[in-house]
Amino acid sequence: MTDLRKLARGQDCQVRIPGVCNFNPETVVLAHFRMAGTCGIGNKPHDQQAAICCSACHDAVDMRVPTKYTKDELDLMMCHGILRTHEHWRKIGVMK
């Protein structure tokens, strides 16, 4: 399988939190969505459960920085980012 974490580098952020996103491809990583039952201590979720995400959006969805958004709103924006990421992977032939 393609290393999605490496492939995410240099891409455009797909999470795009209004007023938070820095739109800087140089800060982009593959950010994982943490959901009960899919991860644990020392165990990241599968890379398909992640979004191409800039450092600012990543800090926001992981709640390392305060925002005007609720946890539910941030989770929804992250889920939208995951779907956009999957569409991006599909368009470039990484996922079918």
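I will try to describe carefully the structure that is included in this document.

Cut-offs and rules
- Residues numbered from 1 in each chain as written.
- Predicted model: local features only at pLDDT ≥ 70, side-chain atom pairs only at ≥ 80, totals over all residues.
- Heavy atoms only, no water.
- Core = buried A, V, L, I, M, F, W, Y, C linked by side-chain atoms within 4.5 Å.
- Buried < 20%, exposed > 50% of the residue type's maximum accessible area, 1.4 Å probe, protein only.
- Helix = DSSP H or I, 4+ residues; strand = E, 2+ residues; numbered from the N terminus.
- Contact = heavy atoms within 4.5 Å.
- Salt bridge = Lys/Arg side-chain N within 4 Å of Asp/Glu carboxyl O.

**Let's talk about the nonpolar core**
Formed by 27 residues in total, the largest nonpolar core has its most connected members in Val15, Ile17, Cys54, Cys57, Met78 and Trp89. Those elements that place two or more of their residues in this core are helix H1 (4–8), strand E1 (29–32), strand E2 (50–53), helix H2 (55–61) and helix H3 (71–91). At five residues, H3 tops the list of elements feeding residues into this core. Residue contacts for isoleucine 17: discarding those within four places in its chain leaves Cys57, Ala60, Val61, Tyr69, Leu74 and Met77.

**Re the pattern of salt bridges**
All chains considered together, the criterion is met by five salt bridges. Aspartate 62 is paired through a salt bridge with arginine 64; the nearest N and O atoms lie 2.8 Å apart. Relative accessible area serves as the criterion here: at 30%, aspartate 62 is assigned to the partly exposed category. Put simply, Asp59, Asp62 and Arg64 are held in one network by salt bridges that share partners.

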